[in-house]
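Notes for the structure review
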Amino acid sequence: MSARFGPRQLAAFIAVAELSSFTRAAVRLHLTPSAVSSLIGEFEATLRFQLFSRNTRKVSLTNQGRRFLPAALAAQRQFRLAEIAAEDAREESFEILRVAAPQVMASMILPGLIARFCATNPRVRVRIRDSGVEWLTELVESGEADLALGPEAPS
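Residues numbered from 1 in each chain as written. Predicted model: local features only at pLDDT ≥ 70, side-chain atom pairs only at ≥ 80, totals over all residues. Heavy atoms only, no water.

1. Let's talk about the pattern of salt bridges
- Applying the stated criterion across every chain yields a total of six salt bridges.
- Across the pair glutamate 138 and arginine 77 runs a salt bridge, and its minimum N-O distance is 3.9 Å. Highlighted residues: glutamate 138 in helix α6 (residues 136-142) and arginine 77 in helix α4 (residues 63-90), separated in sequence by 61 residues.
- As a salt-bridge pair, arginine 129 and glutamate 144 come within 2.6 Å of each other at their nearest N and O atoms. Highlighted residues: arginine 129 in strand β4 (residues 124-130) and glutamate 144 in the loop between α6 and β5 (147-148), separated in sequence by 15 residues.
- In this structure arginine 129 comes out as partly exposed when scored by relative accessible area, which is 29%.
- Of the residues examined, glutamate 144 reaches a relative accessible area of 8% and is grouped as buried. (Salt bridge = Lys/Arg side-chain N within 4 Å of Asp/Glu carboxyl O. Helix = DSSP H or I, 4+ residues; strand = E, 2+ residues; numbered from the N terminus. Buried < 20%, exposed > 50% of the residue type's maximum accessible area, 1.4 Å probe, protein only.)

2. A word on the pairing of β4
- Pairing of strand β3 (residues 95-101) with β4 involves seven bridges; the strand directions are parallel. Residue pairing across strands places isoleucine 96 opposite arginine 125, the latter belonging to β4. (Pairing = 2+ DSSP bridges.)

3. As for the sheet that holds β4
- Strand order across the open sheet formed by three strands is β4-β3-β5, with parallel pairing between neighbours. Here the strands that pair on one side only, and so sit at the sheet edges, are β4 and β5.
- Sheet strands touched by helix α5 (residues 103-120): β3 and β4. Its angle to β4, the strand with the most contacts, is close to 175 degrees. (Contact = heavy atoms within 4.5 Å. Axes fitted to C-alpha atoms, helices over the stretch in contact; angles between N-to-C directions.)

4. Some points on the nonpolar core
- One finds Phe13, Val16, Val36, Ile40 and Phe52 to be the most contacted residues of the largest nonpolar core, which totals 22 residues.
- Among the elements of the structure, α1 (7-19), α2 (22-29), α3 (33-47), β2 (59-61) and α4 are those that each provide at least two residues to this core.
- At seven residues, the largest contribution of residues to this core is made by α1. (Core = buried A, V, L, I, M, F, W, Y, C linked by side-chain atoms within 4.5 Å.)

5. A word on the pairing of β3
- The element β3 is extensively covered by neighbouring structure, given that five of its seven residues are classed as buried.
- As a crossover connection, the stretch from β3 through α5 into β4 is right-handed.
- One ladder, built from two bridges, connects β3 with β5; its direction is parallel. The residue of β5 that forms the bridge with alanine 100 is alanine 148. (Right-handed = clockwise from strand over helix to strand, strands pointing away.)

Below, the structure written as C-alpha cells:
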C-alpha cells in the first residue's frame, strides 16, 4: 500500500521540524496547535512511522523524520511549482513576472515601483513573494521567482 498525503501534511511537518514547536508551527500556518497536531498524527499514520519525539517540553525529529525531511522539502517545492503553473494557466493572456524580496521591501518599496511598471506594461502581471534574504537565490534557482531583489549578498 502506498502512502497518500498532500501539501497540508507536508507543510505541517516541515513547519514543526523547522520550528521544533507545534505552537509556533500553528502560528506560521495560521492554524490552531491542535489542528497541526492532527495533521501530524494523520501524516504519521499514513507513513506508518513516527516523525517526532514529543514530551511536555520538547519536540524533535526522530531518525526517520530526519531522513524523510529532505524528500518532504523537495515535494513541497514541487507542489509550489504546480501552484505557480496553475496561476500561469489562469492568466495565460498575460506575461507573469515573479519577484522575490524581503518582507519590508515587498510591502513598502515594491508596490509603487510595480504600479508604475504595470502602467507602462499592461500585459504583465507581477507576483511578489516575500521571503527571507537567505532564500532569495534559491527561489530564483528553483523557478519559483524570475528575479529577486534584496541586500547585496554573495551568490
